[in-house]
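Structural overview for review
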Amino acid sequence: MPAKSHLSVERSRIILIGLFGVAVGWVIGSVWMGLAISYFAYACWLVYQADQVDTWLDKGAKRSTAPDTDGVIGNIEKLIFRSKQSDKDRKARMKRILGWYNRSASALPDATVVTNDNFEIIWANEAAQTNLGIRGNRDAGQRIDNLVRDIGFQKYVRDNNPEEIEIEFQSPANKNITLAVRRVAYAENMYLFSARDVSQRVQLRETRAAFIANASHELKTPLTVVNGYLELLGEDASLPLEARQKIAIAEEHAIRMKDIVTDLLTLSRLENQQLEQSKLTPIAVGDMLESICEDIKDNKLGSNHTFETNIDNRIYLSGSESEIKSICTNLCINAVQHTPAGTVVQIGWQATPDGGARLLVSDNGPGIPPQHITHVTERFYRVDSEQSRESGGTGLGLSIVKHVVHRHQGELRISSMPGRGTTFEILFPVEKILTEQEAHAASL
Ligand code: ADP
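These figures come from a predicted structure and were not determined experimentally.

Quick look at the pattern of salt bridges
- On inspection of all chains with the given rule, the structure shows 17 salt bridges.
- A salt bridge links Arg 205 to Glu 168; the shortest N-O distance between them is 2.8 Å. Taken together, the residues Arg 205 in helix α8 (residues 199-234) and Glu 168 in strand β3 (residues 166-170) connect sequence positions 37 residues apart.
- Among the salt bridges present, the one from Arg 379 reaches Glu 271, with a minimum N-O distance of 3.0 Å. Taken as a pair, Arg 379 in the loop between α12 (370-373) and α13 (385-390) and Glu 271 in helix α9 (residues 241-272) lie far apart in primary sequence, 108 residues in all.
- A single network of salt bridges, built from pairs that share partners, joins Glu 166, Glu 168, Arg 196, Arg 201 and Arg 205.

Let's talk about the nonpolar core
- Counting 43 residues, the largest nonpolar core has Val 285, Leu 289, Ile 324, Leu 331, Ile 347, Trp 349 and Leu 359 as the members making the most contacts within it.
- In terms of residue count, the dominant contributor to this core is helix α11 (residues 321-337) (7 residues).
- When we break this core down by domain, the ones giving at least three residues each are domain 3 (201-272) and domain 4 (278-443).
- Apart from residues lying up to four places away in sequence, Leu 359 is in contact with Val 285, Leu 289, Cys 328, Leu 331, Gly 348, Trp 349, Phe 424, Glu 425, Ile 426 and Phe 428.
- In this structure, Ala 128, Ile 144, Tyr 156 and Phe 169 belong to the second largest nonpolar core, which totals 22 residues.

Comments concerning the confidence of the model for the protein
- Looking at the protein as a whole, the pLDDT averages 90, with 98% of positions reaching at least 70.
- When pLDDT is averaged over each element of the protein, strand β10 (residues 357-363) comes out on top at 98 and α13 at the bottom at 70.

Conventions adopted
- Residues numbered from 1 in each chain as written.
- Predicted model: local features only at pLDDT ≥ 70, side-chain atom pairs only at ≥ 80, totals over all residues.
- Heavy atoms only, no water.
- Salt bridge = Lys/Arg side-chain N within 4 Å of Asp/Glu carboxyl O.
- Helix = DSSP H or I, 4+ residues; strand = E, 2+ residues; numbered from the N terminus.
- Core = buried A, V, L, I, M, F, W, Y, C linked by side-chain atoms within 4.5 Å.
- Buried < 20%, exposed > 50% of the residue type's maximum accessible area, 1.4 Å probe, protein only.
- Domains from an automatic or database assignment.
- Contact = heavy atoms within 4.5 Å.
- pLDDT = per-residue confidence, 0-100.

This is the structure in structure tokens:
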């Protein structure tokens with residue numbers, strides 16, 4: 001190893017200096033004096049070399065100005081030079097990689113903005129300018145939600161735990177573009193916002209929704225006519241019993257089809273039309289729930305179920321009466337439709353500690369297996385398709401509930417334990433709640 005050979009050179013040098021010191025001592029008549037003089041001279045020489053290396057280091061340790069040293073000091077000088085050189089190479093490599101990274105991030109087609117935990121912009125790529133109107137060097141230090149002023153986006157940024165993974169809104173820089181923006185937390189207290197152009201996806205979705213709405217609308221009138229004739233035929237006593245039984249089956253299916261068409265039309269309206277301010281009225285949700293319970297109990301469907309209510313009739317909700325009624329009806333009908341006779345159904349409408357209100361429909365029926373829970377609000381999703389179809393459901397009830405809850409700024413929570421029952425909870429924020437006095441004043 002080179003370090004070892006330098007040491008052995010230095011060791012031999014110390015021995016030779018020692019021998020030289022003894023010889024000098026013999027000449028001057030004192031061996032100790034001779035040794036002291038020669039080792040002192042050696043120490044001075046070492047200090048001189050170390051000083052030269054130190055000055056060289058101070059001046060930037062360039063190869064061209066390297067002092068001519070040897071032995072241990074020479075070796076130390078070489079080691080310092082090598083480590084400096086590799087440091088320089090590493091820095092150059094890092095600079096190159098950073099350059100590549102910056103160039104590739106800048107060339108990304110998706111707008112990318114990096115912010116600190118206060119959402120102040122640190123860096124933005126080129127696409128951020130075309131899609132979000134943000135320029136990295138001009139807007140650095142500004143809050144992203146002060147530059148992108150879409151209300152939904154601002155809420156998404158400021159929410160610690162946003163409900164949605166990503167949010168869609170119209171590009172502030174180009175009205176023809178719809179963006180899907182996603183926020184990702186990374187490193188320590190850093191956020192990365194990436195915005196994709198999803199205009200094509202939105203257009204496809206709108207075309208699909210328009211097709212469903214048109215098809216459902218076109219089907220509604222012929223189905224009403226078919227239903228009417230089947231009803232008339234079913235009542236015709238002159239027809240043989242067997243024929244009337246078949247007509248009754250046909251009528252049952254035609255009614256189901258009409259229900260599906262009606263629900264599809266409702267869904268497409270909920271998806272594509274904003275909830276108009278003029279449709280908002282104070283709703284006595286407690287009274288509404290009680291009346292729905294009575295209707296279900298009087299119906300064959302719920303006659304063998306027990307209803308327990310815990311309702312505060314003094315709490316009103318500001319919303320669309322028909323939409324809130326569809327939530328209450330769907331949840332209450334589900335609680336009897338998907339549970340056996342003897343099931344206890346609990347219905348609640350109570351204030352929450354934060355001033356909001358909670359609507360609750362809970363049953364002790366067979367429950368929903370955990371793997372199905374996140375899917376039951378999807379269109380036509382059924383845990384047991386056969387059984388749900390037999391019970392007359394359209395498979396669209398909970399999709400409608402989800403949309404209506406969202407339109408009323410509520411939060412839908414579903415919890416269930418197989419064999420223990422299912423609980424549907426809807427939490428409405430304080431802004432949607434009215435007291436009795438406020439509700440009366442608003443209805444005047
Ligand atoms: P459906 O018309 O079939 O009731 P929904 O969208 O209302 O459609 O419900 C979706 C599915 O969720 C139902 O088919 C059923 O499997 C399940 N479900 C809904 N409510 C309950 C409940 N209270 N208990 C058990 N399963 C339920």
